[in-house]
Amino acid sequence: MIPEFKPGWRLYDGRASGWILQLIRMHSSGEPLSADLQKEVVGDWRDAIGRILEESIARQNQLLDSMEDEKLTWNSRDRRFLEFNLITQLRILRGMCKCIRELSRETPDFPLARGALGEALKAMSESERGRWVNWYRGDLKVGVKALLKHLEDLEFQRA
């Protein structure tokens, strides 16, 4: 479910944000990916990233689908907690994984990458209710809105 590129090296949301920003910079200025990032994958980085992310996204989809059915059986207190702390976080990570997948392609699909970040942003905004109202205001940890703006700027620059 959480992409693992080598034992113990997993792609959580903060690290995913850094990868997305590096990929945007690569496409914008030709700046190569950092050596640290490239050494985390074995072989051709595009193939490795694509393969690992495809598998992870498929597992995330399966888990989200199964939880959609299961959450009807959760009591209301557990449902609020699990929706915010598990489902929302998984939807955010899935959107970020999709974005990385699209930006890592030999010919990147910028509209799909933008849409993937939009999915993450939608998950964040939909979860902000009850005690979690305004939870993501500022969004400094992951910076989905800022990443989306960088990606839109890149698309405008390439048009």
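Heads up: the structure comes first, above all this text.
### Observations regarding the pattern of salt bridges
Taken as a whole and assessed by the stated rule, the structure comprises 13 salt bridges. Put simply, E4 and R10 hold a salt bridge, and the shortest N to O gap is 3.7 Å. Classification of R10 by relative accessible area gives partly exposed; the value is 33%. One salt bridge connects K98 with E119, and the closest N-O pair in it is separated by 3.0 Å. Of this pair, K98 sits in helix 4 (residues 76-104) while E119 sits in helix 5 (residues 110-127), and the two are 21 residues apart along the sequence. Here E119 falls in the partly exposed class, since its relative accessible area comes to 30%. Salt bridges linked by common partners bring E54, R101, E102 and R105 together as one network.

### Considerations on the nonpolar core
With 38 residues, the main nonpolar core has I20, I100 and L103 as its most contacted residues. Listing elements by their share of this core, those giving two or more residues are helix 1 (13-29), helix 3 (45-70), helix 4, helix 5 and helix 6 (144-158). Among the elements that take part in this core, helix 4 stands out by supplying eight residues, more than any other. Among all residues touching I20, those that are not within four sequence positions of it are M96, C99, I100, L103, L117 and L147. Core analysis: the second largest hydrophobic core is formed by five residues, L64, M67, I87 and L90 among them.

### Considering the layout of surface pockets
Reported here for the largest pocket is a volume of approximately 270 Å³. If you trace the largest pocket, you find 17 residues lining it, with E83, I87, T88, R91 and R129 closest to the centre. For the lining of the largest pocket, the elements supplying multiple residues, two or more each, are helix 3, helix 4 and helix 5. For the lining of the largest pocket, the element with the most residues is helix 4, which contributes six residues. The class makeup of the residues in the lining of the largest pocket is six nonpolar, three polar and eight charged.

Each value, and the rule that gives it
Residues numbered from 1 in each chain as written. Predicted model: local features only at pLDDT ≥ 70, side-chain atom pairs only at ≥ 80, totals over all residues. Heavy atoms only, no water. Salt bridge = Lys/Arg side-chain N within 4 Å of Asp/Glu carboxyl O. Buried < 20%, exposed > 50% of the residue type's maximum accessible area, 1.4 Å probe, protein only. Helix = DSSP H or I, 4+ residues; strand = E, 2+ residues; numbered from the N terminus. Core = buried A, V, L, I, M, F, W, Y, C linked by side-chain atoms within 4.5 Å. Contact = heavy atoms within 4.5 Å. 1 Å grid on protein atoms, 1.4 Å probe; cavity = no way out; pocket = protein on both sides within 12 Å on 5 of 7 lines; lining within 4 Å. Points joined across faces, edges and corners; volume = space filled by probe spheres on them. Nonpolar A, V, L, I, M, F, W, Y, C, P; charged D, E, K, R; others polar.

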